[in-house]
Amino acid sequence: MNPPASVATPSLRAIGAAVDIYKRVFTQPALSPPHPVRHNGFDLDVRVEAVHAETDDVVSLTLAGAEGGYLPSWRPGCHIDVFLASGRQRQYSLCGDPRDRHRYRIAVRRIDSGGGGSQEMHTLRAGELLRIRGPRNAFTFIETAPSYLFIAAGIGITPILPMARAAGSRGRLVYLGRSRDTMPFLAELPAGTEVRPDDEFGTPDLPALLATAAPGAAIYVCGPPPVLDAAQRSLFALNPTASLHTELFSARPVTDGTAFDITLARSGQTVRVDSTETALDAIRRVRPDVVYSCRQGFCGSCKTKVLAGSIDHRDRLLPPGERADHLLTCVSRSAGGALTLDL
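Fair warning: this is a prediction, and the values are worked out from it, not measured in the lab. (Residues numbered from 1 in each chain as written. Predicted model: local features only at pLDDT ≥ 70, side-chain atom pairs only at ≥ 80, totals over all residues. Heavy atoms only, no water.)

Visitor: Please provide a residue-by-residue account of the overall build of the protein chain, values included.
Guide: Along the backbone of the protein chain there are 7 helices and 16 strands. Among the 343 residues that make up the protein chain, the fraction classed as buried is 48%. For the protein chain, the accessible area works out to roughly 15800 Å², and carbon and sulfur atoms hold 53% of it. (Helix = DSSP H or I, 4+ residues; strand = E, 2+ residues; numbered from the N terminus. Buried < 20%, exposed > 50% of the residue type's maximum accessible area, 1.4 Å probe, protein only. Areas by Shrake-Rupley, 256 points an atom, 1.4 Å probe, with all protein chains shown as cover.)

Written out as structure tokens, the structure is:
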């Protein structure tokens, strides 16, 4: 079903703007700038249509509208927010077919040492209802690149898979993982994909992989922090005309922090934030029910009002009007001295 002209025109403008950005980045040896996240997405109820075990610890879930009909359209790189019965909120990349307007597909790796969201997602069964928001896009696929190199590590294959399909013959996908039995969607990879599990090929040499990209290529990397860090350190010395687009699938460790105190105004409790932990982790020791989701500073779930103290903002979300008296506890810190939060 084609959208009405009143909807299509802004979409075309947005695509045109993205193309202009890509052209400006295309010949400059710099990281593609972080894309602002649209956070006023659709809220709707969906039904779990199917649950499929992709590996021992990864399940895919197919979601359909609770009352049938079309779901909001999406482009490769989009994710949805999922609201769970426990009150947890989590984001998952869409990894199905954007042309299928009747269902979404997401995949979830169970992390037993995490905050419980992935474990709760693994308990879902066909027929259950969920509330979701989105789709939203913080990992935009630029459609006009002359060529693409996609590097997906582990569950990072989820946003990359629709991109690699969309790129067609202009794209090349390298899929990294611990072993083949831990890597979901092996049977769905585009022809020519290089599957490089560690137990067969050893630890991946990211610079060597990046060096295979053509001049001016759009390079998309998704996976854990070491993979992204290696790409950011080495790419532009190897290929100064390339553009690098990244998405992280786990929170970065805190390596440059200073310890500080947080006072929770509503209870009067004070917690110490260690130099190597986030404010969110410290708060969760006394308030395990505090709301959070992405742990990377882009979803806004942990936004908290600051009643006193100076803020070191490290997020991608807050507009200028909120930065004086709000912070995202998952990434931002004190700029010096204690903070008092409205918690």
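Let us keep going from here.
Visitor: Kindly report on the pairing of strand β7 (residues 148–153), identifying the contributing residues and their values.
Guide: Among the 6 residues in β7, 6 count as buried, and that is most of the element. Side chains of β7 alternate between two faces, with Y148, F150 and A152 and L149, I151 and A153 buried alike. In this structure, β7 lies alongside strand β8 (residues 171–177), joined through 6 bridges in parallel fashion. Its bridge partner being in β8, I151 is matched across the sheet by V174. As a crossover connection, the stretch from β7 through helix α3 (residues 157–167) into β8 is right-handed. (Pairing = 2+ DSSP bridges. Right-handed = clockwise from strand over helix to strand, strands pointing away.)

Visitor: Talk me through the nonpolar core; I want residue IDs and the actual numbers.
Guide: The biggest cluster of nonpolar side chains holds 26 residues, and the ones touching the most others in it are Y148, F150, I157, I160, L173 and Y220. Listed by contribution, the elements that provide at least two residues to this core are β7, α3, β8 and β10 (218–223). By residue number, the principal contributor to this core is α3, which donates 6 residues. Domain assignment of the residues forming this core places at least three in each of domain 1 (42–137) and domain 2 (148–247). Aside from chain neighbours lying at most four places away, what touches L173 is F150, A152, I157, I160, A164, L189, P190, T193 and E194. Within the second largest apolar cluster, 23 residues are counted, among which are L264, V271, I311 and L327. (Core = buried A, V, L, I, M, F, W, Y, C linked by side-chain atoms within 4.5 Å. Domains from an automatic or database assignment. Contact = heavy atoms within 4.5 Å.)

Visitor: Describe the environment of M121, and please don't skip the residues or the numbers.
Guide: By secondary structure assignment, the location of M121 is in helix α2 (residues 117–121). Considered as a pair, M121 and R90 are 31 residues apart in the sequence and their alpha carbons are 9.5 Å apart. The residues touching M121, leaving out its near neighbours within four places in the chain, are L61, V82, L84, Y92, I106 and V108.

Visitor: Please give an account of the environment of V51 that cites residues and values.
Guide: Positionally, V51 belongs in strand β1 (residues 42–53). For the pair V51 and A126, spaced 75 residues apart in sequence, the C-alpha separation works out to 6.2 Å. Those residues within four positions of V51 in sequence are excluded, and the remaining contacts are V59, S60, L61, L124, R125 and A126.

Visitor: Got a sec to walk through the sheet that holds strand β3 (residues 78–83)? Specific residues and values, please.
Guide: Ordered by their spatial adjacency, 6 strands build an open sheet running β4-β3-β6-β1-β2-β5, and the pairing between neighbours is antiparallel. Each edge of the open sheet carries a strand with a single partner, namely β4 (89–93) and β5 (103–109). Pairs of neighbouring strands in the sheet enclose a mean axial angle of 40 degrees, with direction left out of account. Across 5 bridges, β3 lies against β4 in antiparallel orientation. (Axes fitted to C-alpha atoms, helices over the stretch in contact; angles between N-to-C directions.)

Visitor: A description of the pairing of β1 should follow, citing residues and the corresponding values.
Guide: Inspection of the sheet shows β1 paired to strand β6 (residues 129–137) by 6 bridges, in the antiparallel sense. Bridging from a neighbouring strand, D45 pairs with R131 of β6. Between β1 and the antiparallel strand that follows it, strand β2 (residues 58–65), lie 4 residues.

Visitor: Give a description of the side chain of S243 that names residues and reports values.
Guide: Positionally, S243 belongs in strand β11 (residues 243–248). In terms of polar contacts, S243 uses its side chain to reach the side chain of H245, at 2.9 Å. (Polar contact = N/O pair within 3.5 Å; in protein donor to acceptor, adjacent residues only side chain to side chain.)

Visitor: Before we move on, can you summarise the sheet that holds β10 with the specific residues and values?
Guide: Strands sit in the order β9-β8-β7-β10-β11 across an open sheet of 5 strands; the sheet is parallel. Each end of this open sheet is capped by a strand with a single partner; those strands are β9 (194–197) and β11. The sheet shows a mean angle of 15 degrees between the axes of neighbouring strands, direction not considered. Here 5 bridges tie β7 to β10, and the two strands are oriented parallel to one another. Among the inter-strand pairings, I151 is bridged to a residue of β10, identified as V221. With respect to the sheet, α3 is in contact with β7, β8, β10 and β11, its orientation differing from that of β7 by roughly 155 degrees. Seen against the sheet, helix α6 (residues 225–238) touches β7, β10 and β11 and runs at an angle of roughly 165 degrees to β11.

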